[in-house]
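An overview of the molecular structure
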Amino acid sequence: MEKPFEIVILSGKGGTGKTSVAASFASMAENAVLTDCDVDAADLHLILTPEIYRSETFDSGAKAVINTEKCTSCGLCMELCRFKAIELINDVYIIDEYACEGCGLCKEVCPEGAIDITKYEHNNIYFSDCRFGPMIYGRLGIAEENSGKLVAKIRKYAKEIAQKNNAAYIITDGPPGIGCPVISSVTGADMVVAVTEPTLSGWHDLQRLIELVDRFHTSVSVIINKFDLNQYMTDMIENNLKEKAIKVTGKIPYDETMLHAQLEGKTINEFDPQGLPSKELSKIWNTIKSVIYEPKSI
Ligand code: SF4
Ligand code: SF4
């Protein structure tokens, strides 16, 4: 295999069992690089308990800050900011942190020297080794917004390490939802495995996720977790996916051992190798492997 095959495990929302699935794949993959791109709430490391050998701070950008004591309210900065990141609220000029791109123009033009550009370096990337191989993960600083950039950086490092190690796979525990970090996780990936639950909201979230992934022409397959809690919804989801020509690679029964395994810092395959969830996940992993060698089968 020329380049590592990149599998991203996603879910339309948090709490569907996505991380347990990612950890399970990690334990079965052999020769994989593992990443956690759920940078808002990374928790794969709680199961894989890696040892960090290096960390780096990720500079997520810069933002303008107005010193209101120096500002004489001339309005020039607001007039010239092309990102519309400066607002006048109650006669005070303030920066909209979410809109500011840190370009520095306002600082240049302010006649009073009232604006500073502050660098943000609150995001961390951790390089580590766990019992299943190298693992890279990140953590977004409080109130940081550049999760997409952080995810892109984690994936870039994962690819470099995978190429250096001649790894066959990159397995990513992706972020929940359909926002910027999800887009950043999917772009250029080889396969998305979407984990859902048999509820109406789960189905709606899954549909939105599938629509998003479709835009990137990435193949997607679905795992229905706790499928036996609502057989009607499971059947409905399966039938609808069939119409969309999307494969359900597996259905995991509800089993409290999934939670117990997580609490013990183990994958379900380690915790209860003979249990139904482990057996189903092994089957799913074998299906995925067969797809990698015969891409037309999914
Ligand atoms: S740094 Fe650039 S984007 Fe931010 S407020 Fe100033 S002019 Fe606007
Ligand atoms: S350009 Fe400077 S002085 Fe004028 S409104 Fe903006 S911050 Fe205040």
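Residues numbered from 1 in each chain as written. Chains lettered and ligands numbered in written order. Predicted model: local features only at pLDDT ≥ 70, side-chain atom pairs only at ≥ 80, totals over all residues.

**So, the domain arrangement of the chain**
Note the cut-off: An automatic or database domain assignment provides the domain bounds reported here.
Domains assigned within the chain are domain 1 (5-59 + 123-297) and domain 2 (61-120). Summarising the inter-unit geometry, the C-alpha centres of domain 1 and domain 2 are found 40 Å apart.

**Topic: unusual backbone geometry**
To be explicit about the condition: Here a helix means four or more residues in a row that DSSP labels H or I, a strand means two or more in a row labelled E, and each is numbered from the N terminus. To sort residues by burial, count the other C-beta atoms lying within 10 Å of each one's C-beta; a count of 20 or more means buried, 12 or fewer means exposed, and anything in between means partly exposed. C-beta atoms are built from the backbone.
Not every positive phi belongs to a glycine, and Asp91 is a case in point at roughly 65°. By the secondary structure assignment, Asp91 is in the loop between β5 (86-89) and β6 (92-95). Among the residues examined, Asp91 registers 6 C-beta atoms within 10 Å and is labelled exposed. A positive phi angle is found at Ala245, which is not glycine, with a value near 60°. Relative to the helices and strands, Ala245 resides in the loop between α8 (231-243) and β13 (247-252).

**Regarding the environment of Val182**
Operational definition: Two residues qualify as a contact pair if the distance between their C-beta atoms, derived from the backbone, is within 7 Å.
In this structure, Val182 sits in helix α6 (residues 180-186). Owing to 26 C-beta atoms within 10 Å, Val182 belongs among the buried residues under this scheme. Along the backbone, Val182 and Ala261 are 79 residues apart, and their C-alpha atoms lie at a distance of 26 Å. Setting aside residues no more than four positions away along its own chain, Val182 makes contact with Leu10, Gly174, Pro175, Gly177 and Leu212.

**Re the pairing of strand β10 (residues 169-176)**
Under the convention used in this document: In this scheme, strands are said to pair when DSSP sees at least two bridges between them.
Of all 8 residues in β10, 8 are buried; the element is thus mostly enclosed. Here strand β1 (residues 5-11) runs beside β10; their pairing, made up of 6 bridges, is parallel. In the sheet register, Ile9 faces β10, and the bridge partner there is Asp173. Note: strand β2 (residues 32-36) against β10, 5 bridges, orientation parallel. If you follow Asp36 over to β10, its bridge partner there is Asp173.

**Here's the deal with the sheet that holds strand β8 (residues 123-130)**
For the record, the criterion: Axis angles are defined between N-to-C directions and span 0 to 180 degrees, where every axis is a line fitted to C-alpha atoms and, for a helix, only to the segment in contact.
The mixed open sheet is built from 9 strands, whose spatial order is β3-β8-β9-β2-β10-β1-β11-β12-β13. Both outer strands of the open sheet, β3 (51-58) and β13, are each paired with one neighbouring strand and no more. Direction aside, the axes of adjacent strands within the sheet are offset by 20° on average. Its contacts with the sheet place helix α1 (residues 18-29) against β1, β2, β10, β11 (191-196) and β12 (219-225), and it is angled at close to 175° to β10. Against the sheet, helix α5 (residues 147-165) touches β2, β3, β8, β9 (133-139) and β10, its axis set at about 170° to β9.

**Things to note about the site of ligand 1**
Quick reminder of the rule: Think of it this way: take the backbone, place a C-beta atom on it, and check whether that atom is within 6 Å of the molecule or strand, in which case the residue is near it. Each residue gets one of three labels, nonpolar for Ala, Val, Leu, Ile, Met, Phe, Trp, Tyr, Cys and Pro, charged for Asp, Glu, Lys and Arg, and polar for the others, Gly among them.
Of all residues adjacent to ligand 1, which total 13 residues, the nearest are Ala64, Cys81, Cys100, Cys103 and Cys106. Of the residues contributing to the shell around ligand 1, the split by class is 10 nonpolar, 2 polar and 1 charged.

**Observations regarding the nonpolar core**
Quick note on the threshold: Buried Ala, Val, Leu, Ile, Met, Phe, Trp, Tyr and Cys residues whose C-beta atoms connect them within 7 Å together make up a nonpolar core.
If you look at the biggest cluster of nonpolar residues, it comprises 66 residues, and the most contacted ones within it are Ile7, Ala26, Ala32, Ile171, Val192 and Ala194. Of all hydrophobic cores here, the second largest spans 13 residues; its members include Cys77, Ala85, Ile86 and Ala114.

**Regarding helix α7 (residues 200-215)**
Filter applied, for reference: Here a helix's expected span is defined as the number of its residues, less one, multiplied by 1.5 Å.
In this model, α7 (16 residues) spans 23 Å end to end at C-alpha, consistent with the 22 Å of a helix rising 1.5 Å per residue. Considering only its buried residues, α7 is in contact with β1, α6, β11, β12 and α8. The positive-phi residue at the C-terminal boundary of α7 is His217, with phi of around 55°.

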